[in-house]
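Chain by chain, the residues:
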Amino acid sequence: MTSAQVDTGKAPEEGYQRGLGSRQVQMIAIGGAIGVGLFLGAGANIAKAGPSLILMYALAGLIIFFIMRALGELLLYRPVSGSFAEYSREFLGPFFGYFTGWTYWLMWVVTGMAELTAAAIYINYWFPGIPQWVTALVFLIVLFVANLISVKLFGEIEFWFSMVKVTAIIGMIVIGLGVLTFGFSQAGDTAAVSNLWEFDGFFPKGVGSSLMTLQGVMFAYLAVELVGVTAGESENPEKTLPKAINTLPWRIALFYVGALTVILCVVKWTEFAPGVSPFVAAFAKIGIPAGAGIVNFVVLTAALSSCNSGMYSTGRMLRTLADNGEAPGRFSRLSASKTPALGIFVSVVFMGIGVVLNYVVPEKAFGYVTSVATAAGIWTWLMILISHVMYRRKVVAGRLPASSFPAPGGSVCSYVAIAFLLFVTGLIAYDADARVCLYVMAGWAVALGIGWAVLKNRNPQVTRRGDDELGGEPQFEKVG
């Protein structure tokens, strides 16, 4: 990394093809906010929290917006493909860049496992005789091949996957509002806004039970930060990234809060069960059998979309680690189509563990991997927020240039988000079922610590804080 890369705020030339246009970046941002956590995971959370789940999604959505505005400020200061790891490395030191890069890679590998599991469950809706592991393996191979071809194809696949998801949710909301307003369909007699509080109140299982769903709710928001990974391959990051981030509040309000509110008005919360998509259940209740099949197709695309994104981001993160000497140098090579093919291949091999889980414990596979992905995601978000706080301090001190996209409130919202994420971590530790992910993360931290010690022994230069190599910290006009 050169001082020019840090000091000028300009994106370095990383060798990638800038093949993602505004249309694709916008849809990647939208699609990242609509995943299997909403389509499948919400069923279990409704059973635990009832209508209060709407409030949990709104609260978590606000925190996600704080995280994304912090990331947005960093991205416009210096847009690079390995954004989270790069900012951790710059503001907290090489070890944190190394740890964050590998942990984000882990997050997407296990998320890919979760999405493959979910996709296999959705295929069972039509073909119950096909084993889950067979379906998961087929999807894994197809998406791997698509990711090798070009970033433009990845962007186009994500665009259409996201378009399907968005259209389906808006259709669900429109139909649900029609049922509530005009009373048509089989659900017309029982559909009412009062369903939100009539069955044991808005918090039917108590506030504590509602708060315990936050860990699952946060999993639903994993991938919103994917916009940061696209920075190195966006045609015009200075324009597309702020627009994508600023539209996040209405996306959360419409796709999460709005959709769940309509569904829980149309169908009583007591009729939902874990493992069943709320969208499929709502269409079935309304009495549109074909509608349930359509929604099942939509949630299948949601799972495949997220797995596709996982393959994209893991390959880029491995290349960033390799460029910094923190992963084998082979991962830094690009194929003829300007894709990190080897990094994608290795990541897909590890995602294949999800296929094995679907063979060994198909009923528990989704729960296991989502808890690990959530823990890894929380670490990534914490690094974004802490890096943002450190960056703001340097800007105020006049040691770094101000970003063209400052977060509202400076560091205050980042501190609030940090406190919230630590609270969610405490909830995970309290939950006996979810706690296993913290043991996995502890083992992961030990493994990375050993890797760092080996790296330090072999190449001490890589493990030193980069101030000297960055050419020091030039003075800039003091801001704020």
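A quick note: this is a predicted structure, and the numbers were derived from the prediction, not measured. (Residues numbered from 1 in each chain as written. Predicted model: local features only at pLDDT ≥ 70, side-chain atom pairs only at ≥ 80, totals over all residues. Heavy atoms only, no water.)

A. Focus on the overall build of the protein chain. Scanning the protein chain from terminus to terminus reveals 20 helices and 0 strands. Residues counted as buried form 59% of the 480 residues belonging to the protein chain. Within the protein chain, contacts between residues at least 6 apart in sequence are counted, and of these 82% link residues at least 24 apart. Working note: accessible area of the protein chain is about 17,800 Å², and carbon and sulfur atoms make up 67% of it. (Helix = DSSP H or I, 4+ residues; strand = E, 2+ residues; numbered from the N terminus. Buried < 20%, exposed > 50% of the residue type's maximum accessible area, 1.4 Å probe, protein only. Contact = heavy atoms within 4.5 Å. Areas by Shrake-Rupley, 256 points an atom, 1.4 Å probe, with all protein chains shown as cover.)

B. Just the packing of helix α5 (residues 53–77) against helix α13 (residues 237–246), in detail. Where α5 meets α13, the axes come as close as 10 Å, and the angle between the chain directions of the two elements is 170°. One element, α5, and the other, α13, form an angle in the roughly antiparallel class. Contact residues: Phe65, Met68, Arg69, Gly72, Leu75 and Leu76 in α5; Pro237, Glu238, Leu241, Pro242, Ile245 and Asn246 in α13. Residue composition of the contact of α5 with α13, grouped by class: 8 nonpolar, 2 polar and 2 charged. (Axes fitted to C-alpha atoms, helices over the stretch in contact; angles between N-to-C directions. Parallel < 35°, antiparallel > 145°, perpendicular 65-115°, else oblique. Nonpolar A, V, L, I, M, F, W, Y, C, P; charged D, E, K, R; others polar.)

C. Looking closely at the pattern of salt bridges. Taken as a whole and judged by the stated rule, the model has 7 salt bridges. Members of the salt-bridge network, linked through shared partners, are Arg78, Glu86, Arg89, Glu90 and Glu326. (Salt bridge = Lys/Arg side-chain N within 4 Å of Asp/Glu carboxyl O.)

D. Local environment of helix α20 (residues 436–458). Between the first and last C-alpha of α20 there are 33 Å, a value that for 23 residues agrees with the 33 Å anticipated at 1.5 Å per step. Looking at α20, one finds that the buried residues are Cys437, Met441, Trp444, Leu448, Trp452 and Leu455. (Expected span 1.5 Å × (residues − 1).)

E. A nonpolar patch on the surface, seen in detail. A contiguous nonpolar surface patch, about 750 Å² in accessible area, is contributed by Trp133, Leu137, Ile141, Val145, Ile149, Val356, Tyr359 and Val360. Those elements that provide at least two residues to the nonpolar patch are α8 (132–149) and α17 (341–360). If one sorts the elements of the nonpolar patch by residue count, α8 sits on top with 5 residues. You can see Val356 is positioned in helix α17. Residue Val356 is classed as partly exposed on the basis of its relative accessible area, which comes to 48%. (Patch = residues over 30% accessible without salt bridge, like charges linked within 9 Å, V, L, I, M, F, W, Y side chains within 5 Å.)

F. Inspection of unusual backbone geometry at higher detail. Here Asp200, not a glycine, exhibits a phi torsion of approximately 70°, which is positive. Along the chain, Asp200 falls in the loop between α9 (151–182) and α10 (207–212).

G. Highlighting the confidence of the model for the protein chain. On average, the protein chain scores 81 in pLDDT, and the residues at 70 or more come to 85%. Confidence, read as mean pLDDT per element, is least for helix α1 (residues 3–7) in the protein chain (38) and greatest for helix α19 (residues 412–430) (95). For the stretch residues 1–13, pLDDT sits under 50, and the model shows 33 contacts to residues farther than four places along the chain or on other chains. Low pLDDT (under 50) marks residues 467–480, which in the prediction has 32 contacts with non-local residues, meaning those over four places away or in another chain. (pLDDT = per-residue confidence, 0-100.)

H. Spotlight on the packing of aromatic side chains. Counting across every chain of the model gives 21 aromatic pairs. Just above the ring of Phe405 sits the side chain of Arg69; from NZ or CZ to the centre is 4.1 Å. (Phe/Tyr/Trp six-rings, centres within 6.5 Å; stacked < 30°, edge-to-face > 60°. Lys NZ or Arg CZ within 6 Å of the ring centre and 35° of its normal.)

I. Structural view of the environment of Val151. Counting through the fold element by element, Val151 comes out in helix α9. In sequence terms Val151 and Thr339 are 188 residues apart; their C-alpha atoms lie 6.9 Å from each other.

J. The arrangement of the packing of α9 against helix α15 (residues 278–286) in detail. Close contact between α9 and α15 brings their axes to 12 Å; oriented N to C, the two are set at 35°. Viewed along their axes, α9 and α15 form a crossing whose handedness is left-handed. Mapping the contact onto sequence places Ile169, Met172, Ile175 and Val179 in α9 and Phe279, Ala282, Phe283 and Ile286 in α15. By residue class, the composition of the contact of α9 with α15 is 8 nonpolar, no polar and no charged. (Left-handed = near helix turned anticlockwise from the far one by under 90°.)

K. Region of the structure containing α19. Taking 1.5 Å as the rise per residue, α19 with 19 residues should run 27 Å; its terminal C-alpha atoms sit 28 Å apart, in good agreement. Every buried residue of α19 is accounted for by Cys413, Ser414, Ala417, Ile418, Phe420, Leu421, Val424, Leu427 and Ile428.

L. Quick peek at the side chain of Gln215. Tracing the sequence through the fold places Gln215 in helix α11 (residues 214–220). The contact partners of Gln215, leaving out residues within four places of it in the chain, are Thr374, Val424, Leu427, Ile428, Asp431 and Ala434.

M. Just the environment of Ala114, in detail. Inspection of the secondary structure puts Ala114 in helix α7 (residues 94–126). Residue classification places Ala114 among the buried positions, given a relative accessible area of 0%. For the pair formed by Ala114 and Ala136, sequence separation is 22 residues and the distance between their alpha carbons is 10.0 Å.

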